[in-house]
2 protein chains.
Amino acid sequence: MTQQQVMEEALFKHIRTHTKANDPVVEDLKRYFDCLRPSKKEILLPSHTICNRLYFVSSGCLRAFFTDENGVEKTVQFALENWWISDFLAFHHRRPTDTTIQAIEPSEVLSISYDNFQRLLIDHPFMEHYFRRVWEIGYGATVTRVKYLFSHSKEDIFYRFREQYPEFANRVPQYMLATFLGLTPEYLSKLRAKKRS
Amino acid sequence: MTQQQVMEEALFKHIRTHTKANDPVVEDLKRYFDCLRPSKKEILLPSHTICNRLYFVSSGCLRAFFTDENGVEKTVQFALENWWISDFLAFHHRRPTDTTIQAIEPSEVLSISYDNFQRLLIDHPFMEHYFRRVWEIGYGATVTRVKYLFSHSKEDIFYRFREQYPEFANRVPQYMLATFLGLTPEYLSKLRAKKRS
């Protein structure tokens, strides 16, 4: 298999776990997607542009962040293998976004434009089923994340998260994880200093 | 129209804004749904049960909350007219939930069970399109809410929210709104006392 086929196979496998689509149909889907191979720190979607794409991670890790008024980059989402990432609301309404999408490792990504997404859903209605299920899980997981943010004190949240999701927590830079959990990078430094002393 | 027809019409209208379904098809959908008329404070989904239902608000307002280890009820979602509410992740996996769904006003609600939801989607595949779009917006809005929580200081968030979403903010009890914005009810009291002095 070529590198491109390996990338596509990750998505096709994910589609097969959520639908009953057969191989020839799934094979036909590749023409709607673009294969990207961003290097570490490469930006896929710059902020203050129209959010015109969805991104599926075949390998590697992407994040979505915005920059607050103090210039601090705050991570709002991570996407590891088999996750979709975008500014979904801006994508849905084709609006400009203040979100940046960036690779935090060398990654392999399948990307679909808004127009191709609409075409894909018309040509292959079973993909409505796939995305309904994927969004259902993503929506539910994001509400659960809000619940997580509300459940623990600032003091606890970082270490609890690292305990509960070690594979995830050890893979991403800790200052990005801090903002993902609602902490400032400074607060994280203080926590670490406290733990050392 | 009977009261039940009025309730159904709210959902049918919402479906028509997201799909091209014609009237006879939409009319057929009613057999999948149950009409509920919870009174103020009535609980629709008690916590620590299997989350087996989705709820659509035809009129009124529901909230989803959990009780933290200090016994404080923390609101994770509100649903006004034309919003769906549930613990979507627990629903998707048919798992027990620690979420309670409660009416905070006398409300009119269409509810669908997990089994009927699956049947509806098989019998009427265009409803995959409807729910894909609705979950896309809900998912995007929840990520945007996380961004909102991360964008503002505790001091600011309550008053900014009230300024930006006055109709919503004036409709729900303020102590519920406080926890929805990541504040404790005590912190809200302090903020108000400070403002008065």
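Residues numbered from 1 in each chain as written. Chains lettered and ligands numbered in written order. Predicted model: local features only at pLDDT ≥ 70, side-chain atom pairs only at ≥ 80, totals over all residues. Heavy atoms only, no water.

Engineer: When you look at the overall build of chain A in this model, what are you seeing that I'm missing?
Structural biologist: A count of helices and strands for chain A gives nine helices and 10 strands. Principal-axis analysis of the C-alpha atoms gives chain A an extent of 60 × 35 × 30 Å. Taking all 197 residues of chain A together, the buried fraction comes to 53%. Across chain A, contacts joining residues at least 24 apart in sequence account for 69% of those joining residues at least 6 apart. Carbon and sulfur atoms make up 51% of the accessible area of chain A, which totals about 9,200 Å². Distance between charge centres in chain A, computed from 27 positive and 24 negative side chains, equals 5 Å. (Helix = DSSP H or I, 4+ residues; strand = E, 2+ residues; numbered from the N terminus. Buried < 20%, exposed > 50% of the residue type's maximum accessible area, 1.4 Å probe, protein only. Contact = heavy atoms within 4.5 Å. Areas by Shrake-Rupley, 256 points an atom, 1.4 Å probe, with all protein chains shown as cover. Lys, Arg positive; Asp, Glu negative; His and termini not counted. Charge placed at Lys NZ, Arg CZ, Asp CG, Glu CD.)

Engineer: Can you walk me through a positive patch on the surface in this structure?
Structural biologist: All names here are of chain A. A grouping of R162, R192, K195 and R196 is seen on the molecular surface, where their side chains present a positively charged patch. Top contributing element to the positive patch by residue count: helix α9 (residues 185-196), with three residues. Secondary-structure assignment places K195 in helix α9. (Patch = residues over 30% accessible without salt bridge, like charges linked within 9 Å, V, L, I, M, F, W, Y side chains within 5 Å. Salt bridge = Lys/Arg side-chain N within 4 Å of Asp/Glu carboxyl O.)

Engineer: It is not clear to me how helix α5 (residues 126-151) of chain A should be interpreted in this structure. Could you clarify?
Structural biologist: Because an α-helix completes one turn every 3.6 residues, residues spaced three or four positions apart along the sequence face the same direction. Taking 1.5 Å of rise per residue, the 26 residues of α5(A) would be expected to cover 38 Å, and the 38 Å separating its terminal C-alpha atoms lies within 8% of that figure. Most of α5(A) sits inside the fold, with 20 of its 26 residues counted as buried. (Expected span 1.5 Å × (residues − 1).)

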